[in-house]
Amino acid sequence: MNTAVTMTARTDATYVPVNPHPADQFSNGFYGRDILSVRQFNRENLQYIFRVAEEMRSMVERFGSADLLQGKILANLFYEPSTRTSSSFSAAMQRLGGRVIAINEVVYSSVSKGESLPDTIRTLESYADVIVLRHPEVGSAAIAAHYARKPIINAGDGVGEHPTQALLDLFTIQEELGRCDDLKVAMVGDLKYGRTVHSLTRLLNMYRAEFYFVSPDILTMPPEILEEVKAAGLRYTETRDIHEVIGEVDVLYVTRVQKERFTDLAQYEAVKDYYVVDPELMARAKDKMIVMHPLPRVGEISYAVDDDPRAAYFRQMVNGMYIRMALLAAVLGKA
Ligand code: NCD
């Protein structure tokens, strides 16, 4: 194995190919590309993906499925638990007429015999046209991309990034509020280990956003992400108190405390119930705002909030399939 792989090099890969492949006329520079980090996107190609996602929505609503990716195979390789990401990628591929090799429990695969990530990737790309990977280590998707000839889509690399989630999050913001600019966005909960908030913050750095980072002291946003916000010329406030910000925000993005990342479970117990979004809190929020959550929730949003029209987390989940349909079609040259 080539251990000298530098992950940042791949993660920061520039997006627009110098010599676009002929199939790229249909996919705006995405054909054959890996999707490793939100840093690969700009406002223009985000709008392109969102436009395709909207087309996917109307296609699904009218016909249920299409044959755009007929004959193509997706390998869904998950080393960590997943419900939404794995099933929405699988549904996305099947609704486009493709097929799926699902490895949701690597414990039943040769990974449990000690097979390395590069070898597992080489195996799957022998059978599939695109690989979706979730793995507990930061940079794992970049390593996989280094070895693979086929596109790798990062479905979460440890506490690093979760780019497709951030895309569906931003798409949801645009659909719900009609814009991605001039928004006050509060991110609440586990900002240290939550990869979704890392990716979404990076994406919103391309827009006119103002951030409130609301967390217990031991779960604050990593310094490098705060630096990126500053470098983008945007303002942020860090606070422990959700009541300070609730009346201000257009987007309240709530996250689960990531139990699996703690080495000291006593620390987890101390912060796990730190925030609960309930009707009483919602009464202090603006009429036109949305509550988001990547899900799963484990107590941070009470069920009593579900019927509030501002609760966007189930609609957000639906949007995930359309975004993933758009991404699959794009990297396979068919968008
Ligand atoms: C998130 C993840 O896996 O990072 N889930 C998801 O993909 N929707 C959030 C989480 O697990 O808390």
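Residues take numbers from 1 onward in each chain, read along the sequence in its written order. Residue-level local features of this predicted model are given only where pLDDT is at least 70; pairs of side-chain atoms are given and counted only at 80 or more, and the full residue set underlies all totals for whole chains, interfaces and linings. Excluded from the side-chain calculations are hydrogens and water; all other atoms, namely the structure's heavy atoms, are used.

**Q** Would you mind going over the confidence of the model for the protein chain with me for this structure?
**A** For any part of a model where pLDDT is low, the fine detail of the predicted coordinates should not be relied upon. Every residue carries a pLDDT, the predictor's confidence in it, which falls somewhere between 0 and 100. Overall, the prediction assigns the protein chain a mean pLDDT of 92, with 92% of residues at 70 or greater. With pLDDT under 50 throughout, residues 1-19 is counted as low confidence; its partners more than four residues away or in other chains account for 33 contacts. Residues are treated as being in contact if the distance between any of their heavy atoms lies within 4.5 Å.

**Q** I tried to follow the sheet that holds strand β3 (residues 130-135) on my own but got confused; where do I start?
**A** One key point about sheets: their strands pair by backbone hydrogen bonds, in either a parallel or an antiparallel sense. Taking strand neighbours across the sheet as the criterion, the four strands line up as β2-β1-β3-β4 in an open arrangement whose pairing is parallel. Each edge of the open sheet carries a strand with a single partner, namely β2 (99-103) and β4 (152-157). If you compare each strand with its neighbour and ignore which way they point, the axes differ by 15 degrees on average. Summarising the sheet, strand β1 (residues 73-78) and β3 pair through five bridges and their orientation is parallel. Within β3, the position partnered with Phe78 by the bridge is Arg134. Between any two strands, at least two bridges found by DSSP are needed for them to pair. Counting from the N terminus, the helices are the DSSP runs of H or I reaching at least four residues and the strands are the DSSP runs of E reaching at least two. A fitted line through C-alpha atoms represents every axis, and for helices the fit uses only the stretch in contact; the resulting angles, taken between N-to-C directions, go from 0 to 180 degrees.

**Q** Help me understand the site of the ligand in this model?
**A** One heavy atom within 4 Å of a molecule or strand is enough for the residue carrying it to be called near that molecule or strand. The environment of the ligand is made up of Thr85, Arg134, His162, Gln165, Arg195, Thr196, Arg256, Gln258, Pro294, Leu295 and Pro296. Here a polar contact means two N or O atoms within 3.5 Å. Within protein one must be a hydrogen donor candidate and the other an acceptor candidate, and residues neighboring in sequence count only if both atoms are side-chain atoms. Here His162 contributes a side-chain N or O atom positioned 2.8 Å from an oxygen atom of the ligand. Interatomic distance of 3.2 Å between a side-chain N/O atom of Gln165 and a nitrogen atom of the ligand. Notes on the ligand: free accessible area 320 Å², of which the protein chains cover 93%. Amino acids are sorted into nonpolar (Ala, Val, Leu, Ile, Met, Phe, Trp, Tyr, Cys and Pro), charged (Asp, Glu, Lys and Arg) and polar (every other residue, Gly among them). Here the shell around the ligand is built from residues that sort into three nonpolar, five polar and three charged. Every accessible area reported is derived by Shrake-Rupley at a probe size of 1.4 Å, with residue values counting cover from the shown protein chains alone.

**Q** Looking at this structure, I do not really get helix α4 (residues 117-127). What am I missing?
**A** Note that an α-helix has 3.6 residues per turn; residues three or four places apart therefore point the same way. Buried means the residue's accessible area, taken with a 1.4 Å probe over protein chains only, is under 20% of the maximum for its type, while exposed means over 50%, and partly exposed covers the values in between. Listed in full, the buried residues belonging to α4 are Leu117, Pro118, Thr120, Ile121, Leu124 and Glu125. For α4, the angular spread of the buried residues around the axis is 160 degrees, confining them to a single face. For α4, exposure combined with an orientation more than 90 degrees from the buried face picks out Ser126 and Tyr127. The elements touched by buried residues of α4 are β1, β2, β3, α5 (140-147) and β4. The arc in question is the one traced by the directions running from the helix axis out to the C-beta atoms.

**Q** Help me understand the nonpolar core, please; the structure alone is not making it clear to me.
**A** Most often, soluble globular proteins have nonpolar side chains that are buried together. In this structure, Ile49 and Met187 are the most contacted members of the largest nonpolar core, which totals 65 residues. Considering each element in turn, this core owes the most residues, 10 residues, to helix α11 (residues 313-331). Excluding residues within four positions of it along the chain, Met187 makes contact with Val197, Leu200, Thr201, Leu204, Phe211, Tyr212, Phe213, Val214, Met221 and Tyr253. Ala186, Tyr212, Val245 and Ile301 belong to the second-largest nonpolar core, a separate cluster that totals 21 residues. Only buried residues count toward a nonpolar core. Its members are Ala, Val, Leu, Ile, Met, Phe, Trp, Tyr and Cys residues joined through side-chain atoms within 4.5 Å.

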